[in-house]
Protein chains: 4
Amino acid sequence: MEAQREGKFERILEAAINAFAELGYYQCPVSKIASLAGVAEGTIYLYFKNKEEVLIQIFQERMGAFITSMRHDLSLCETTSARLRVIVQAHFSYMEQNRSLAIVSQLELRQSNPRIRLAINGPLLEYFQLIEGVIQQGINLEEVPKIDLRIARQMIFGSLDEATTDWVMARNPRTLVSGIEPMLELFEGALRLNKPNDIRRGADEQKREEDGNADS
Amino acid sequence: MEAQREGKFERILEAAINAFAELGYYQCPVSKIASLAGVAEGTIYLYFKNKEEVLIQIFQERMGAFITSMRHDLSLCETTSARLRVIVQAHFSYMEQNRSLAIVSQLELRQSNPRIRLAINGPLLEYFQLIEGVIQQGINLEEVPKIDLRIARQMIFGSLDEATTDWVMARNPRTLVSGIEPMLELFEGALRLNKPNDIRRGADEQKREEDGNADS
Amino acid sequence: MEAQREGKFERILEAAINAFAELGYYQCPVSKIASLAGVAEGTIYLYFKNKEEVLIQIFQERMGAFITSMRHDLSLCETTSARLRVIVQAHFSYMEQNRSLAIVSQLELRQSNPRIRLAINGPLLEYFQLIEGVIQQGINLEEVPKIDLRIARQMIFGSLDEATTDWVMARNPRTLVSGIEPMLELFEGALRLNKPNDIRRGADEQKREEDGNADS
Amino acid sequence: MEAQREGKFERILEAAINAFAELGYYQCPVSKIASLAGVAEGTIYLYFKNKEEVLIQIFQERMGAFITSMRHDLSLCETTSARLRVIVQAHFSYMEQNRSLAIVSQLELRQSNPRIRLAINGPLLEYFQLIEGVIQQGINLEEVPKIDLRIARQMIFGSLDEATTDWVMARNPRTLVSGIEPMLELFEGALRLNKPNDIRRGADEQKREEDGNADS
DNA sequence: AATGAATGAGCCTTCATTCAT
DNA sequence: GATGAATGAAGGCTCATTCAT
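Within each chain, residues carry numbers counting from 1 in the order of the written sequence. Think of it this way: whatever chain is written first is A, whatever ligand is written first is 1, and the rest follow in order. Confidence filtering applies because this is a predicted model: local features only for residues at pLDDT of at least 70, side-chain atom pairs given and counted only at 80 or more, and all residues used for totals across whole chains, interfaces and linings. Each side-chain value is derived from all of the structure's non-hydrogen atoms; neither hydrogens nor water enter the calculation.

(A) Inspection of the overall build of chain A at higher detail. Check the secondary structure of chain A and you find 11 helices and 0 strands. Element order for chain A, N to C, with α for helix and β for strand: α-α-α-α-α-α-α-α-α-α-α. Among the 216 residues that make up chain A, the fraction classed as buried is 53%. Contact definition: two residues touch when any of their heavy atoms are within 4.5 Å. At a minimum sequence separation of 6, the contacts of chain A that also span at least 24 residues come to 71%. Secondary structure elements follow DSSP: runs of H or I of four or more residues count as helices, runs of E of two or more count as strands, with numbering from the N terminus. Only protein chains enter the accessibility calculation, which uses a 1.4 Å probe; a residue is then buried when its area is under 20% of its type maximum, exposed when over 50%, and partly exposed in between.

(B) The packing of aromatic side chains, seen in detail. Stacked, edge-to-face and tilted are the three classes for Phe, Tyr and Trp ring pairs, Trp counted by its six-membered ring, which pair at centre distances within 6.5 Å; planes under 30 degrees apart are stacked, over 60 edge-to-face, the rest tilted. Per the counting criterion, the structure on display carries 30 aromatic pairs over all chains. Relative to A:Phe157, the ring of A:Phe128 has its centre 5.1 Å away and its plane inclined at 75°; by these criteria the two rings are edge-to-face. Of this pair, A:Phe128 sits in helix H7 (residues 114-140) while A:Phe157 sits in helix H8 (residues 149-169), and the two are 29 residues apart along the sequence. By the burial criterion, A:Phe128 is buried, and A:Phe157 matches it. Measuring from ring centre to ring centre gives 5.6 Å for D:Tyr127 and D:Phe157, while their planes differ by 85°; the resulting arrangement is edge-to-face. You can see D:Tyr127 sitting in helix H7 (residues 114-140) and its partner D:Phe157 sitting in helix H8 (residues 149-169), a full 30 residues away along the chain. Accessibility classification places D:Tyr127 together with D:Phe157 in one group, the buried group. Connected via pairs of aromatic rings, a cluster forms that spans A:Phe20, A:Tyr25, A:Tyr26, B:Phe20, B:Tyr25 and B:Tyr26. A cation over a ring is seen here: C:Lys51 above C:Tyr25, with NZ or CZ 4.6 Å from the ring centre. Look at NZ for Lys and CZ for Arg. If either is within 6 Å of the ring centre and within 35 degrees of the ring normal, a charge sits over the ring.

(C) Main features of the protein's contact with DNA strand E. Residues in contact with DNA strand E amount to 31 residues; listed here are only the nearest, A:Val30, B:Thr43, C:Thr43, C:Tyr47 and D:Val30. It suffices for a single heavy atom of a residue to lie within 4 Å of a molecule or strand for the residue to be listed as near it. Sugar plus phosphate: this is where 67% of the atoms of DNA strand E within 4 Å of the protein reside. Side-chain atoms alone can form a polar contact between residues adjacent in sequence; in general such a contact is a pair of N or O atoms within 3.5 Å, and within protein one must be able to donate a hydrogen while the other accepts it. Within the backbone of C:Gly42, an N or O atom sits 3.4 Å from a base nitrogen of DNA strand E. The contact in question runs from a phosphate oxygen of DNA strand E to an N or O atom on the side chain of C:Thr43, over 2.3 Å.

(D) Structural detail: the interface of chain D and chain C. Contacts between the two partners involve 48 residues from chain D, matched on the other side by 48 residues from chain C. When two components associate, each loses some accessible surface as probed by a 1.4 Å sphere; the sum of these losses over both components is called the buried area. Across the interface of chain D and chain C, roughly 4000 Å² is buried in total on both sides, 50% from carbon and sulfur atoms. A pairing counts as a salt bridge when a side-chain nitrogen of Lys or Arg comes within 4 Å of a carboxyl oxygen of Asp or Glu. The tally of links between chain D and chain C comes to 8 salt bridges. Between C:Arg174 and D:Asp148 there is a salt bridge whose closest N-O contact spans 3.5 Å. In this assembly, chain D and chain C are joined by 12 residue pairs in polar contact (both at pLDDT 80 or more).

(E) Structural context of the pattern of salt bridges. Counting across every chain of the model gives 44 salt bridges over all chains. As a salt-bridge pair, B:Glu126 and B:Arg71 come within 3.3 Å of each other at their nearest N and O atoms. Pair noted here: B:Glu126 is in helix H7 (residues 114-140) and B:Arg71 is in helix H4 (residues 51-75), with a separation of 55 residues, a long-range link. Its relative accessible area of 30% is what places B:Glu126 among the partly exposed residues. Linked through salt bridges whose partners overlap, the residues forming this network are A:Glu132, A:Arg153, B:Glu162 and B:Asp166.

(F) Quick look at empty space enclosed by the protein. In this analysis a 1.4 Å probe is tested at points of a 1 Å grid over the protein atoms alone, and where it fits but cannot get out there is a cavity; an open set with protein on both sides within 12 Å along at least five of seven lines is a pocket; lining residues have an atom within 4 Å of a point. Grid points are joined across faces, edges and corners, and a volume is the space filled by probe spheres set on the points. Applying the stated criterion across every chain yields a total of 2 cavities of 30 Å³ or more. Taken as a whole, the second largest cavity holds about 30 Å³ of empty space. In this structure, the second largest cavity is lined by C:Arg110, C:Gly158, C:Asp161, C:Glu162, D:Arg110, D:Gly158, D:Asp161 and D:Glu162. Those elements giving two or more residues to the lining of the second largest cavity turn out to be helix H8 (149-169) of chain C together with H8 of chain D. Taken together, the residues that form the lining of the second largest cavity break down as no nonpolar, 2 polar and 6 charged. Each residue is assigned to one class: nonpolar for Ala, Val, Leu, Ile, Met, Phe, Trp, Tyr, Cys and Pro, charged for Asp, Glu, Lys and Arg, and polar for all the others, Gly among them.

(G) Up close: the protein's contact with DNA strand F. Around DNA strand F, a shell composed of 29 residues is seen, among which A:Thr43, A:Tyr47, B:Val30, C:Val30 and D:Thr43 lie nearest. At a separation of 3.4 Å, a phosphate oxygen of DNA strand F approaches a polar backbone atom of C:Cys28.

(H) Broad picture of helix H2 (residues 30-37) of chain D. All names here are of chain D. Of all the positions in H2, only Val 30, Ile 33, Ala 34 and Ala 37 are classed as buried. Angularly, the buried residues of H2 cover 100° about the axis, an arc narrow enough to put them on a single face. One or two positions beyond H2, positive phi appears at Gly 38, with a value near 70°. Directions pointing from the helix axis toward each C-beta atom define the arc.

(I) Region of the structure containing the packing of helix H4 (residues 51-75) of chain C against helix H7 (residues 114-140) of chain C. Residue and element names in this part refer to chain C. Angles shown run from 0 to 180 degrees and are taken between the N-to-C directions of axes, each axis being a line fitted to C-alpha atoms and, for helices, limited to the stretch in contact. At a minimum axis separation of 9 Å, H4 and H7 run at an interaxial angle of 10°. One element, H4, and the other, H7, form an angle in the roughly parallel class. Of the residues in H7, those touching H4 at Glu 52, Leu 55, Ile 56, Phe 59, Gln 60, Met 63, Phe 66, Ile 67, Met 70, Arg 71 and Leu 74 are Arg 115, Ile 116, Ala 119, Ile 120, Pro 123, Leu 124, Glu 126, Tyr 127, Leu 130 and Val 134. Every angle not falling under 35 degrees, over 145, or within 65 to 115 is termed oblique; those three ranges are roughly parallel, roughly antiparallel and roughly perpendicular.

(J) Broad picture of the interface of chain B and chain A. Listed per partner, the contact involves 45 residues of chain B and 45 residues of chain A. Buried area between chain B and chain A, summed over both chains or domains, comes out near 3600 Å², and the portion from carbon and sulfur atoms is 50%. The largest share of the area that chain B buries against chain A comes from B:Arg110, B:Glu162 and B:Leu186, three residues that together contribute 17% of it. Linking chain B with chain A are 8 salt bridges, by the criterion used here.

(K) Quick peek at the relation of the copies chain D and chain C. What sets the superposition is a least-squares fit of C-alpha atoms, and only residues with pLDDT of at least 70 in both copies go into it. Placing chain D over chain C gives an RMSD of 0.2 Å and needs a rotation angle of 179°, together with 0.0 Å of translation along the axis. When the rotation and shift are considered jointly, the pair of chain copies conforms to a two-fold rotation axis. Mapped onto chain C, 85% of the interface residues of chain D again fall at the interface, so both copies present the same surface.

(L) Summary view of the relation of the copies chain B and chain A. By a simple turn and slide, chain B fits onto chain A: the slide is 0.1 Å along the axis, the RMSD is 0.2 Å, and the turn is 179°. The share of interface residues of chain B whose copies in chain A are also at the interface is 91%, consistent with both copies meeting through the same surface.

(M) Expanded view of H7(C). Residues and elements named next belong to chain C. Multiplying one less than the number of residues by 1.5 Å gives the expected span of a helix. With 27 residues, H7 ought to run about 39 Å at 1.5 Å a step, and its terminal C-alpha atoms sit 37 Å apart, in line with that. Capping of H7 at its N-terminal end is provided by Asn 113; its side-chain oxygen lies 3.0 Å from the backbone amide nitrogen of Arg 115. Among the residues trailing H7, Glu 142 stands out with phi positive, at a value near 60°.

(N) Broad picture of the side chain of B:Ser159. Checked against the element boundaries, B:Ser159 lands in helix H8 (residues 149-169). Those residues within four positions of B:Ser159 in sequence are excluded, and the remaining contacts are A:Gln154, A:Met155, A:Gly158, A:Ser159, B:Gln154, B:Met183 and B:Phe187.

(O) Inspection of the confidence of the model for chain A at higher detail. One number per residue, pLDDT, summarises how confident the predictor is, and it ranges from 0 to 100. Within chain A, residue pLDDT values average 88, and 86% of them lie at 70 or more. Confidence drops under a pLDDT of 50 for residues 196-216 of chain A, and excluding neighbours within four residues, the segment shows 12 contacts in the predicted structure.

Next comes the structure, spelled out in structure tokens:
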């Protein structure tokens, strides 16, 4: 019974993600979520206080899990370069595998509605701190010059976010993950991350670099 | 009389920007726009087909002008570095001076409503092409290595966009323009823009470079 | 146009009185009021803040007028007996001529809903004070012994109210006004109004007095 | 088991009285009754056909017992005066000791909902007959002049009812029972019950009094 | 052109009632 | 008998849009 409850909560959440992605939060009637989830309209209100709460839960449930998983992956890295790779790869892979969620995240969650904003800011701030932590670590390790953490974070998150939006908007998009390498190149340039390797680099430098990054 | 027509159109547009920024597009009744503009509700429908059209016009009118002006500024530049500076500076200055418009752009325009998306894509694409053009030019001039234009543009636009969103969301934000220099640093690094100077540079090149950028 | 507005307000009020009387406040959908008034559902919300407000306005508009009129009639009386007659006669006549309003007043206005109660208490208190004023005057004129004002008012209002409720509930009711004289007898007895005069009275005094009041 | 059934029925009834008194019948969800009674929502439907039935049962159970008890007390009285005292005292004491029930009786039972009205009328009519019986007895015993039974009953019940409503509505009410004596005074006056005067009364006194009432 | 009263479709939410466990 | 999750009908209210003036 508990399992069934859990299952219904998840089904409604999943249905809402797809419904919001298709119609947009404000244009999506609760009845649409209900029919997608295969439950009665009133049932939704047994699991969520109101429609707004459904949107908030989407973000907290899914983004929370995403960030937790990313934090774990980051803890296994030893260089800033590897950490950046984790971020880019995780971001793109996750969004690509959760297209509807990506749509909702990119578009619908940018609401000026204060209550929604507030609820979203939690997980988002965590993500921001994760990114800023990686940069700060890079600075501490002297892999990265002293730069403005906030601006650097804005660049990294903004770039990933924009790439995702582009992909979401495009009718026949290239895969998101195909952008991982070029995006990493840009980030490493922006953070002046190449220098340490320059000295050692020979003709095959680029190849080795990619090998090294491949298993991250 | 034509001027008056023009005036009323403008007044409604301005009112709508502020109203949408304050309440959000879907939560903003047409009556709110009307009262802010000092016209009757029905009058709005003399100048705009419907509410959706008002939102679309906001983007086309204001972003159009913004892009036209930026294109002109870009034509006066001779180096990629200078062009990047124009983009960052124009973007941040414009948004900072048009906070309500920035809010609408950052938040409200990110709707999945297909008709709205389509109408917005026009001006946005133009902006994208502008940015990609600058990068392409850099590549042509051999100031920038061959990189994926789309990804680079996503980085540049995404970074600017995210910085703006941050600023819009913040209660007591730093000025946007204070981010111009650090953001340019990042972009130049990402695009490997330092190289052209290398030949002329001595040992302390990097220091001077940073000094030079600092007071701009 | 103003007149039309006024007219529509009245039409909705009248429709609501009948609709509430027929179905009861809580069982009466706003759509029922609308159709009775011959307006669209939304129109009601141009004239009333919400459904509750319609009920409140019924009481304030109609009871207010009723009390004002009664106060005027009372000012023309010179004896307590005459004043009691005005009260009973006005109450019964008014209710009889406004059956639906009477139903709403007797039944629907007895709501424990605090907001409604509060709004109703205004006019009701005024009515109570009117009655208590009449009794107090009788005491001052030594027509009535010193008695508890509140209890006496409860008796008078309660009796009138209950008679009205009875009439409202009955399928084939006697006329309300047929109860005027016997009710007055009871009130006069309760307030010991006959005795003091007996001594001073001439033979035909009582007859004349009643003749005088009869056509009021 | 029968006792348990009985117990649960009573618990639900008691819970409903308090719930209805607090929230009002229509604003009170069945779930509120259930939680107050400490049973599941569905359980209520094992003991009552529906929500309406709960309200009806409240009146029939409680008012039935009240009337039965009053009838017994009345049978012990020998004078009309004593009987009136029983009525007033029983009514006020009972309501005072059952405040929630009083609230429900005064306010919530005055619904125009026809089914509810019908069911309530049973016990109420019994009460009315009790009162009218007392008056008739008084007339038979020549303690009371010939008066309209219905009107007299309306006065007595209406007065008690209104006093109770007043008490229920008041924030810091005087006790109800403090009104017993003054109310009795009024009733005795209304019914010309003044024993003390019997001795002094002349032969024609009663006749004149009735003449006065005759034309009503 | 300008108005703003009127419209009515549509949506969120509640809650009495049912029924599988 | 008892439960309480699930249902879905129903209703108050909003608001984009129209149109008579």
